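# Descriptive structure summary
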Amino acid sequence: EPRVFSGVQPTGNLHLGNYLGAISRFVPLQDQMPTIYCVVDLHAITVWQEPEVLTRTIREVTAAYLAAGIDPKKSIIFNQSQVKEHAELAWIFNCIARMGWLKRMTQFKDKAGKNQENASVGLFAYPNLMAADILAYRATHVPVGEDQKQHLELTRDIAQKFNNDYAERIKELGLGIPNPEPNPELPDELYLPLTEPMIAGSATRIMSLRDGTKKMSKSDPSDLSRINLTDDADAIAKKIKKAKTDPEPLPGEVKGLEERPEADNLVGIYAALADMTKQDVLNEYGGQQFSAFKPALSELAVTKLAPMNEEMKRLTQDPGTIDAVLKDGAERAAAIAEPVLHDMRRILGFVEAR
Ligand code: ATP
Ligand code: MG
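Residues numbered from 1 in each chain as written. Chains lettered and ligands numbered in written order. Predicted model: local features only at pLDDT ≥ 70, side-chain atom pairs only at ≥ 80, totals over all residues. Heavy atoms only, no water.

## Topic: the overall build of the protein
Our working definition: Every helix listed is a DSSP run of H or I at least four residues long, and every strand listed is a run of E at least two residues long, numbered separately from the N terminus. Restricting the calculation to C-alpha atoms gives the radius of gyration, and the globule rule supplies 2.2 Å times the number of residues raised to the power 0.38. Contact definition: two residues touch when any of their heavy atoms are within 4.5 Å. Shrake-Rupley sampling with a 1.4 Å probe provides the accessible areas, and residues are treated as covered by the protein chains on show and by no other component. Neither His nor the chain termini are counted; the positive set is Lys and Arg, and the negative set is Asp and Glu. Taken as the charge location is NZ of Lys, CZ of Arg, CG of Asp or CD of Glu.
Counting its regular elements, the protein contains 14 helices and seven strands. In summary, the protein has a C-alpha radius of gyration of 21 Å against a globular reference of 20 Å for 354 residues, a match within 12%. Along the three orthogonal principal directions, the C-alpha set of the protein runs to about 70 × 50 × 45 Å. Within the protein, contacts between residues separated by at least 24 positions form 75% of all contacts whose residues are at least 6 apart in sequence. Element-wise, carbon and sulfur atoms account for 51% of the exposed surface of the protein, whose accessible area totals about 16,900 Å². For the protein, the separation between the mean place of its 42 positive charges and that of its 50 negative charges on side chains is 3 Å.

Take a look at the structure:
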């Protein structure tokens, strides 16, 4: 049966890309199927995190989930380190995934930079933990930004290899579900689903405000590169004013945005915030200079983000309430993941001595 899983790392300042590409899209799914939204703190420590800052950021991401409209009664909200099955399944997947698969992952290359020898082993194995996050719940749908597409393909490859390697065992134990997409490369019964990425809309890849070829990121050292969800109206206006652009006015047609990454990005942000198409935006602003378009974009961004900003502020002043949400979520998450790991241990042939 369908089930959604997604996560956000507590690695710093949540930004407009996280909101438009991921968090805002989590909300309507709550009314369509069971939804699990995780604060992936085990992922965060693949690069150094100051402990006090990590604690605060875990609560901040939780506050953002709640402020964006995720309802802890409808959805499961929890932090990853509290459900041990994630780490356990990640180990199993370390033994399923191949070195060659992980070596192709572009996020590792981007984040490790030139000195790969000095990157943590966890940063290299990151996609296996992400596959474990999803498959510990046998989740079928994962809403994410475009940058996570390659990791979701790897998640399918891992599920596929597991289903193949243990096909007989899965059948013998009666644990399989009929393969919904019959395919000669796969057995007719699967234990792990082949997860579908949900990457849709006009904001699947919001770019840095300083460099239209780099994605907006929490970990970008330049604060001017992103609009943080905690930014006030003045900060938002300043960052949009300083955003890199070219000297041409906006084109009248979407085709005219090709080869103009910064212009394309700002029009895309406007479109996503206003729930319009890029062409709609150009119908309104085509032919105008950025000096006219940028203030309109600032005003829209402030109007859309202010209520969430206020609510996040209110919630982060009350860590007790946030921790109670996380505790309840962790218990409900564990109740789903524990039996899955029990099955997995049986499939692998471990003796469950206690
Ligand atoms: P980091 O730099 O630490 O990796 P991040 O900004 O990439 O931080 P993540 O926690 O890794 O944030 O990602 C959370 C979600 O936000 C994922 O679904 C990811 O695809 C999405 N996302 C991240 N950046 C963008 C962006 N620039 N545009 C659209 N979606 C994004
Ligand atoms: Mg990221």
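## Observations regarding the domain arrangement of the protein
Under the convention used in this document: Per the annotation, domain bounds derive from an automatic or database assignment of domains. Simply put, the buried area is the total loss of 1.4 Å probe accessible area from both parts when two parts are fitted together. Within this document, salt bridges are pairs made up of a side-chain nitrogen of Lys or Arg and a carboxyl oxygen of Asp or Glu, the two lying within 4 Å of each other. Residues are grouped as follows: nonpolar covers Ala, Val, Leu, Ile, Met, Phe, Trp, Tyr, Cys and Pro; charged covers Asp, Glu, Lys and Arg; every other residue, Gly included, is treated as polar.
Structurally, the protein comprises domain 1 (4-202 + 319-348) and domain 2 (231-315). Placing a centre on the C-alpha atoms of domain 1 and another on those of domain 2 gives a separation of 31 Å. Domain 1 puts twelve residues into the contact, and the matching count from domain 2 is eleven residues. Sorting the residues of domain 1 by area buried against domain 2 places L16, A67 and S202 first, and these three jointly supply 46% of that buried surface. For the interface between domain 1 and domain 2, the tally reads zero salt bridges. Elements supplying a minimum of two residues to the side of domain 1 that touches domain 2: α1 (16-29), α3 (51-68) and α14 (319-348). Here the residues of the side of domain 1 that touches domain 2 are counted per class, giving ten nonpolar, one polar and one charged.

## Section: unusual backbone geometry
The backbone of E259 sits at a positive phi, close to 70°, despite the residue not being glycine. Tracing the backbone through its elements, the reader meets E259 in the loop between α10 (233-242) and α11 (261-274). In this structure, D275 takes a positive phi of about 55° despite not being glycine. Structurally, the position occupied by D275 is in the loop between α11 and α12 (278-285).

## Considering the pairing of strand β1 (residues 4-8)
Selection criterion: Note on classification: 1.4 Å probe, protein chains only; a residue is buried when its accessible area is under 20% of the maximum for its type, exposed when over 50%, partly exposed between these limits. Paired strands are those between which DSSP finds at least two bridges. Crossover handedness is defined here as right-handed if the route from the first strand over the helix to the second strand goes clockwise, with the strands pointing away from the viewer.
A large share of β1 lies buried, amounting to four of its five residues. Taken together, the five bridges between β1 and strand β2 (residues 35-39) define a ladder with parallel strand orientation. By the bridge assignment for β2, F5 is matched with I36. Tracing the backbone out of β1, into α1 and back to the parallel element β2 gives a crossover that is right-handed.

## Describing the site of ligand 1
For the record, the criterion: For this description, a residue counts as near a given molecule or strand if any of its non-hydrogen atoms is within 4 Å of it. Here a polar contact means two N or O atoms within 3.5 Å. Within protein one must be a hydrogen donor candidate and the other an acceptor candidate, and residues neighboring in sequence count only if both atoms are side-chain atoms.
As a matter of local geometry, ligand 1 sits amid 23 residues, with K111, D147, K215, K218 and S219 nearest to it. One of the backbone nitrogen or oxygen atoms of Q9 is found 2.9 Å away from an oxygen atom of ligand 1. The contact in question runs from an oxygen atom of ligand 1 to an N or O atom on the side chain of K218, over 2.6 Å. Summarising the interface, the protein chains cover 97% of the accessible area of ligand 1, which totals 600 Å² for the free molecule. Per-element accounting of the shell around ligand 1 gives the leading share, four residues, to α1.

## Notes on the nonpolar core
Among soluble globular proteins, nonpolar side chains are generally buried collectively. For clarity, the cut-off: In these notes, a set of buried Ala, Val, Leu, Ile, Met, Phe, Trp, Tyr and Cys residues joined through side-chain atoms within 4.5 Å is what counts as a nonpolar core.
By size, the foremost hydrophobic cluster in this structure holds 59 residues, and its most contacted members are Y65 and F293. Take this core: its biggest share by element is ten residues, from helix α13 (residues 290-316). Shared between two domains, this core takes at least three residues from each, and those domains are domain 1 (4-202 + 319-348) and domain 2 (231-315). One finds Y126, L129, Y191 and L341 within the second-largest nonpolar core, a separate group that totals 52 residues.

## Regarding the packing of aromatic side chains
What counts is decided by this rule: Only rings of Phe, Tyr and Trp enter the pairing, Trp through its six-membered ring, and a pair is recorded when the two centres are within 6.5 Å. The plane angle decides the type: under 30 degrees is stacked, over 60 is edge-to-face, the rest tilted.
Tallying each qualifying case throughout the model produces ten aromatic pairs. Measuring from ring centre to ring centre gives 4.4 Å for F26 and Y37, while their planes differ by 5°; the resulting arrangement is stacked. With F26 in helix α1 and Y37 in strand β2, this pair connects stretches of sequence that are eleven residues apart. An identical accessibility class is assigned to F26 and Y37; each is buried.

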